[in-house]
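Listed below, chain by chain, are the residues.
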Amino acid sequence: METSPARILAVRGDSMRPLLKAGDLILVRRAALSELSPGDLVVLMDWRGEGADCVVHRLFGRAGAGGSLRALTKGDANLLPDPPTPESGIVGAVA
(Lines give C-alpha, C1' and ligand atoms only; values in the text may rest on other atoms or scores of the structure.)
Protein backbone atom coordinates (compact mmCIF):
# COMPACT_ATOMS: atom_id res chain seq x y z
CA MET A 1 0.00 0.00 0.00
CA GLU A 2 1.21 3.53 -0.72
CA THR A 3 2.21 5.99 1.99
CA SER A 4 -0.83 8.24 1.42
CA PRO A 5 -3.18 8.62 4.42
CA ALA A 6 -6.16 6.99 2.67
CA ARG A 7 -6.83 4.84 -0.35
CA ILE A 8 -9.90 3.46 -2.16
CA LEU A 9 -9.97 -0.31 -2.70
CA ALA A 10 -12.51 -2.57 -4.40
CA VAL A 11 -13.91 -5.54 -2.48
CA ARG A 12 -13.39 -8.82 -4.36
CA GLY A 13 -14.82 -11.57 -2.16
CA ASP A 14 -17.88 -12.44 -0.13
CA SER A 15 -16.40 -13.01 3.33
CA MET A 16 -17.96 -9.79 4.67
CA ARG A 17 -21.48 -10.31 3.28
CA PRO A 18 -24.04 -8.90 3.76
CA LEU A 19 -22.20 -5.70 4.78
CA LEU A 20 -19.74 -5.74 1.88
CA LYS A 21 -19.99 -7.59 -1.40
CA ALA A 22 -17.75 -7.98 -4.44
CA GLY A 23 -17.51 -4.70 -6.34
CA ASP A 24 -18.14 -2.42 -3.34
CA LEU A 25 -15.60 0.37 -2.86
CA ILE A 26 -14.10 1.04 0.55
CA LEU A 27 -11.98 3.90 1.86
CA VAL A 28 -9.02 2.58 3.83
CA ARG A 29 -7.12 4.80 6.26
CA ARG A 30 -3.73 3.89 7.64
CA ALA A 31 -3.99 2.68 11.24
CA ALA A 32 -1.88 0.71 13.66
CA LEU A 33 -3.30 -2.24 15.57
CA SER A 34 -3.07 -0.24 18.80
CA GLU A 35 -5.48 2.36 17.32
CA LEU A 36 -8.16 -0.20 16.45
CA SER A 37 -11.06 -1.49 18.55
CA PRO A 38 -13.01 -4.75 18.44
CA GLY A 39 -15.71 -4.41 15.80
CA ASP A 40 -13.60 -2.27 13.46
CA LEU A 41 -13.19 -3.43 9.87
CA VAL A 42 -9.49 -3.88 9.19
CA VAL A 43 -7.47 -4.42 6.05
CA LEU A 44 -4.72 -6.96 6.53
CA MET A 45 -2.18 -8.72 4.39
CA ASP A 46 -2.86 -12.37 3.59
CA TRP A 47 0.11 -14.43 2.42
CA ARG A 48 -1.71 -17.78 2.25
CA GLY A 49 -2.30 -17.71 -1.51
CA GLU A 50 0.06 -17.18 -4.43
CA GLY A 51 1.59 -13.96 -3.07
CA ALA A 52 0.36 -11.21 -0.80
CA ASP A 53 -3.20 -9.94 -1.02
CA CYS A 54 -5.34 -7.54 1.03
CA VAL A 55 -8.28 -8.90 3.03
CA VAL A 56 -11.04 -6.92 4.80
CA HIS A 57 -12.29 -8.61 7.97
CA ARG A 58 -13.67 -7.59 11.36
CA LEU A 59 -11.33 -7.25 14.34
CA PHE A 60 -12.65 -9.15 17.34
CA GLY A 61 -9.63 -8.92 19.61
CA ARG A 62 -5.90 -8.80 20.16
CA ALA A 63 -3.53 -11.41 21.57
CA GLY A 64 0.07 -11.33 22.68
CA ALA A 65 2.34 -14.01 21.26
CA GLY A 66 6.04 -14.19 21.93
CA GLY A 67 6.21 -10.55 23.01
CA SER A 68 4.36 -9.25 19.95
CA LEU A 69 0.76 -8.20 19.48
CA ARG A 70 -1.46 -10.03 16.97
CA ALA A 71 -4.85 -9.14 15.51
CA LEU A 72 -7.71 -11.61 15.83
CA THR A 73 -10.04 -11.23 12.85
CA LYS A 74 -12.87 -13.00 11.07
CA GLY A 75 -14.98 -12.39 8.00
CA ASP A 76 -18.63 -11.86 8.98
CA ALA A 77 -19.76 -14.60 6.58
CA ASN A 78 -16.98 -17.04 7.51
CA LEU A 79 -17.52 -19.84 10.00
CA LEU A 80 -13.96 -19.82 11.36
CA PRO A 81 -11.65 -16.97 12.39
CA ASP A 82 -8.47 -16.10 10.51
CA PRO A 83 -5.06 -17.15 11.77
CA PRO A 84 -3.71 -14.43 14.12
CA THR A 85 -2.14 -11.57 12.13
CA PRO A 86 1.05 -9.86 13.33
CA GLU A 87 0.99 -6.07 13.73
CA SER A 88 3.14 -5.75 10.63
CA GLY A 89 0.33 -7.36 8.60
CA ILE A 90 -2.20 -4.63 9.42
CA VAL A 91 -2.59 -2.23 6.48
CA GLY A 92 -5.28 -0.02 8.00
CA ALA A 93 -8.97 0.32 8.79
CA VAL A 94 -12.08 0.96 6.73
CA ALA A 95 -12.98 4.61 7.24
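Right above here is the structure, for reference.
Within every chain, residues take consecutive numbers counted from 1 along the sequence as written. Given that this is a predicted model, residues contribute local features only at a pLDDT of at least 70 and side-chain atom pairs are listed and counted only at 80 or more, while totals for whole chains, interfaces and linings are drawn from all residues. By convention in this description, side-chain values take in all heavy atoms of the structure and omit both hydrogens and water.

A.B. asks: Residues and numbers for the overall build of the protein, please.
C.D. replies: Numbering goes from the N terminus for both helices and strands, where a helix is a DSSP run of H or I of at least four residues and a strand is a run of E of at least two. Each helix and strand counted, the protein has 0 helices and 7 strands in total. Starting at the N terminus and walking to the C terminus, you meet the elements of the protein as β-β-β-β-β-β-β. Three labels apply to residues, based on accessible area from a 1.4 Å probe with only protein chains included: buried if under 20% of the type maximum, exposed if over 50%, partly exposed otherwise in between. The buried share of the protein, reckoned over its 95 residues, is 32%. Only heavy atoms enter the contact rule, under which two residues are in contact if any of them lie within 4.5 Å. Residue pairs in contact within the protein that sit at least 24 positions apart in sequence constitute 43% of those at least 6 positions apart. Methods summary: accessible areas were calculated by the Shrake-Rupley approach with a probe of 1.4 Å, and residue burial reflects only the protein chains presented. Here the protein has roughly 5700 Å² of accessible surface; of this, 55% comes from carbon and sulfur atoms.

A.B. asks: An account of the nonpolar core is needed here, citing residue identities and associated values.
C.D. replies: Only buried residues count toward a nonpolar core. Its members are Ala, Val, Leu, Ile, Met, Phe, Trp, Tyr and Cys residues joined through side-chain atoms within 4.5 Å. If you look at the biggest cluster of nonpolar residues, it comprises 10 residues: Ala-31, Leu-33, Leu-36, Val-42, Leu-44, Val-55, Leu-59, Ala-71, Ile-90 and Ala-93. Put simply, the parts of the chain that give this core at least two residues each are strand E3 (41-46), strand E4 (53-65) and strand E7 (90-94). Apart from the residues within four sequence positions on either side, Ala-71 is in contact with Leu-33, Leu-59, Gly-61, Pro-84, Thr-85 and Ile-90. Core analysis: the second largest hydrophobic core is formed by 9 residues, Leu-20, Leu-41, Val-43 and Val-56 among them.

A.B. asks: Account for the pairing of strand E2 (residues 25-30), with residues named and values stated.
C.D. replies: In summary, the side chains of a regular strand alternate between the two faces of the sheet. In this structure, strand E1 (residues 6-10) lies alongside E2, joined through 5 bridges in antiparallel fashion. The partner of Leu-9 across the bridge, within E2, is Ile-26. Paired strands, in this sense, are two strands between which DSSP finds at least two bridges. Pairing of E2 with E7 involves 3 bridges; the strand directions are antiparallel. Within the sheet, the bridge partner assigned to Arg-30 lies in E7 and is Gly-92.

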